[in-house]
Amino acid sequence: MLPANPLRGEAEVRIGAIDFRIAVTFSGLARLSDAIGARTLDELYGRLLGFEPKAVACAIRCLIVADDEDQISALSARILDDGNISAADQLAWREAVEKALSAHIAAGTVRRDERTATQIAGDAVLGKPVSPS
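Below you will find a few notes about this structure. (Residues numbered from 1 in each chain as written. Predicted model: local features only at pLDDT ≥ 70, side-chain atom pairs only at ≥ 80, totals over all residues. Heavy atoms only, no water.)

## Remarks on the overall build of the protein chain
Applicable threshold: The secondary structure listing takes helices from DSSP runs of H or I that are at least 4 residues long and strands from runs of E that are at least 2 residues long, numbered from the N terminus. Buried, partly exposed and exposed residues are distinguished by accessible area as a fraction of the type maximum, computed with a 1.4 Å probe on protein chains only: under 20%, between the cut-offs, and over 50%, respectively. For this analysis, residues touch if any pair of their heavy atoms sits within 4.5 Å. Accessible areas in this description were obtained via Shrake-Rupley with a 1.4 Å probe; residue shielding takes into account the shown protein chains only. Note on charges: Lys and Arg go in the positive column, Asp and Glu in the negative column, and His and the chain ends are not counted at all. One atom stands in for each charge, and that atom is NZ of Lys, CZ of Arg, CG of Asp or CD of Glu.
Counting its secondary structure elements, the protein chain contains 6 helices and 2 strands. Reading the helices (α) and strands (β) of the protein chain from amino to carboxyl end gives β-β-α-α-α-α-α-α. Each principal axis of the C-alpha atoms in the protein chain carries an extent, and together these give about 55 × 35 × 30 Å. Within the protein chain, buried positions represent 36% of all 133 residues. If you take every contact in the protein chain between residues at least 6 apart in sequence, the share linking residues at least 24 apart comes to 50%. With an accessible surface of roughly 7900 Å², the protein chain has 56% of that area assigned to carbon and sulfur atoms. Of note, the protein chain has its 15 positive side-chain charges centred 4 Å away from the centre of its 19 negative side-chain charges.

## Thoughts on empty space enclosed by the protein
This is how the line gets drawn: Of the grid points, spaced at 1 Å and generated over the protein atoms alone, those admitting a 1.4 Å probe that cannot get out make up cavities, while open sets with protein on both sides within 12 Å along at least five of seven lines make up pockets; any residue with an atom within 4 Å of a point is treated as lining. Grid points are joined across faces, edges and corners, and a volume is the space filled by probe spheres set on the points.
Under the criterion given, the structure shown has 1 cavity of 30 Å³ or more. Of the volumes computed, that of the largest cavity is approximately 60 Å³. Lining the largest cavity, in full, are Ile-22, Val-24, Leu-29, Leu-41, Leu-44, Tyr-45, Leu-48, Leu-63, Val-97 and Leu-101. For the lining of the largest cavity, the elements supplying multiple residues, two or more each, are helix H2 (41-49) and helix H5 (90-111).

## Observations regarding the packing of helix H3 (residues 53-63) against helix H4 (residues 69-80)
As a reminder, the rule being used: With axes taken as lines fitted to C-alpha atoms, and helix axes fitted only over the stretch in contact, angles between N-to-C directions fall between 0 and 180 degrees. We call two directions roughly parallel when the angle between them is under 35 degrees, roughly antiparallel when it is over 145, roughly perpendicular when it lies between 65 and 115, and oblique otherwise. Crossing handedness follows the turn of the near helix against the far one: under a right angle anticlockwise gives a left-handed crossing, and clockwise gives a right-handed one. When residue character is reported, Ala, Val, Leu, Ile, Met, Phe, Trp, Tyr, Cys and Pro are called nonpolar, Asp, Glu, Lys and Arg charged, and the others, Gly included, polar.
Axis separation between H3 and H4 bottoms out at 9 Å; the angle between their running directions is 155°. Here H3 is positioned roughly antiparallel relative to H4, judged by the angle of their axes. Where H3 crosses over H4, the two elements pack in a sense that is right-handed. Contacts between H3 and H4 involve Ala-57, Ile-60 and Arg-61 from the former and Glu-69, Ile-72, Ser-73, Ser-76, Ile-79 and Leu-80 from the latter. Residue classes in the contact of H3 with H4 are distributed as 5 nonpolar, 2 polar and 2 charged.

## Looking at the nonpolar core
Heads up, the rule is: Side-chain atoms within 4.5 Å link the members of a nonpolar core, which is a set of buried Ala, Val, Leu, Ile, Met, Phe, Trp, Tyr and Cys residues.
Phe-20, Ile-22, Leu-32, Ile-60, Ile-79 and Trp-93 are the most contacted members of the largest nonpolar core, which has 32 residues in total. Those elements that place two or more of their residues in this core are strand E1 (10-15), strand E2 (18-23), helix H1 (26-36), H2, H3, H4 and H5. Here the element with the most residues in this core is H3; it accounts for 7 residues. Setting aside chain neighbours within four positions, we find Ile-22 in contact with Gly-9, Glu-10, Ala-11, Val-13, Leu-63, Ile-64, Val-65, Trp-93, Ala-96, Val-97 and Ala-100.

## Here's the deal with the pairing of E1
For clarity, the cut-off: By the convention used here, strands pair only if DSSP detects at least 2 bridges between them.
Sheet analysis places E1 next to E2, joined by 6 bridges and oriented antiparallel. Pairing of Val-13 across the sheet is with Phe-20, part of E2. In this antiparallel pair of consecutive strands, E1 and E2, the connection spans 2 residues, and Gly-16 shows a positive phi of 60°.

## Topic: the environment of Gly-83
Looking at where Gly-83 falls in the secondary structure, it is placed in the loop between H4 and H5. The exposure class assigned to Gly-83 is exposed, which follows from its relative accessible area of 72%. Considered as a pair, Gly-83 and Ala-17 are 66 residues apart in the sequence and their alpha carbons are 9.6 Å apart.

In structure tokens:
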């Protein structure tokens with residue numbers, strides 16, 4: 001498995017005996033929101049961190065990183081098999097969701113950085129973060 005790319009909002013997660021990656025993207029969040037009827041990002045986030053079974057099952061399907069649709073379906077089925085996933089996976093899931101969402105937000109913040117090169121250089125000289133993240 002390739003390592004997670006935080007610049008793409010990815011995070012590694014282990015559910016049961018299966019390692020995989022999730023990526024938080026706006027389109028993935030939109031599909032997930034529609035699937036579980038969440039109206040706001042706060043509601044969506046709370047349901048994911050609360051390890052709500054339907055939200056997690058849908059999130060795995062909407063946010064998983066795989067090469068093609070067949071891989072997504074097969075991997076999702078293995079992850080969500082009752083012999084694999086349990087409430088004991090809540091902490092690993094929570095950490096991965098927090099990491100992926102934070103990376104997604106940080107990447108968006110960097111893309112919206114409207115400082116000039118001179119301002120960025122000045123911030124660097126003053127010891128301020130070069131990027132807003």
